[in-house]
Amino acid sequence: MLCCMERERNLAVFSAILVGAVLWIELGNRSEIEPPQVAEYRPCTDSDAMPYSARCIGFMMGSRLQSRPEIAN
């Protein structure tokens, strides 16, 4: 009888340690979709209802248009 109770206690302690370890690992793995410092420097707004700023238009046009030589007519 004592052997069975000791086995149940050991199983309960083992499962409690296992659950605690899994929760500790899961709470430590917090990942964000977009880091907060990147969200502050977005050139364009999230809504199309707002007019585009010059910074946003320059971002959408990209750097390849700026690096191309001007064509004289």
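Counting restarts for each chain: residues are numbered from 1 in the order of the written sequence. Given that this is a predicted model, residues contribute local features only at a pLDDT of at least 70 and side-chain atom pairs are listed and counted only at 80 or more, while totals for whole chains, interfaces and linings are drawn from all residues. The basis for every side-chain value is the complete set of non-hydrogen atoms in the structure, without hydrogens or water.

1. Section: the overall build of the protein
Secondary structure elements follow DSSP: runs of H or I of four or more residues count as helices, runs of E of two or more count as strands, with numbering from the N terminus. Broken down by element type, the protein carries 4 helices and 0 strands. Traced from its N-terminal end to its C-terminal end, the protein shows the element sequence α-α-α-α. Relative accessibility thresholds used throughout: buried, under 20% of the residue-type maximum; exposed, over 50%; partly exposed, between the two (1.4 Å probe, protein chains only). For the protein, with 73 residues in total, the buried portion stands at 1%.

2. Some points on a nonpolar patch on the surface
What goes into a patch is any residue over 30% in relative accessible area without a salt bridge, connected to like charges within 9 Å or, for nonpolar side chains (Val, Leu, Ile, Met, Phe, Trp, Tyr), within 5 Å. In these tables, accessible area is a Shrake-Rupley quantity obtained with a 1.4 Å probe, and a residue counts as shielded only by the protein chains included in the view. The working definition used for a salt bridge is a side-chain nitrogen of Lys or Arg within 4 Å of a carboxyl oxygen of Asp or Glu. Among the surface-exposed residues, Y52, I57, F59, M60 and M61 lie close enough to one another that they form a single nonpolar patch of about 520 Å² accessible area. Along the chain, the position of Y52 falls in the loop between α2 (36-39) and α3 (54-61).

3. Here's the deal with the confidence of the model for the protein
pLDDT expresses, on a scale from 0 to 100, how confident the predictor is about each individual residue. For the protein, the average pLDDT comes to 77, and 68% of its residues sit at 70 or higher. Element-level pLDDT for the protein is lowest in helix α4 (residues 64-67), with a mean of 56, against a maximum mean of 89 in helix α1 (residues 2-28).

4. With respect to the environment of A54
With respect to the helices and strands, A54 occurs in helix α3. Spatially, the C-alpha atoms of A54 and P43 are 9.0 Å apart, while their sequence positions differ by 11 residues.

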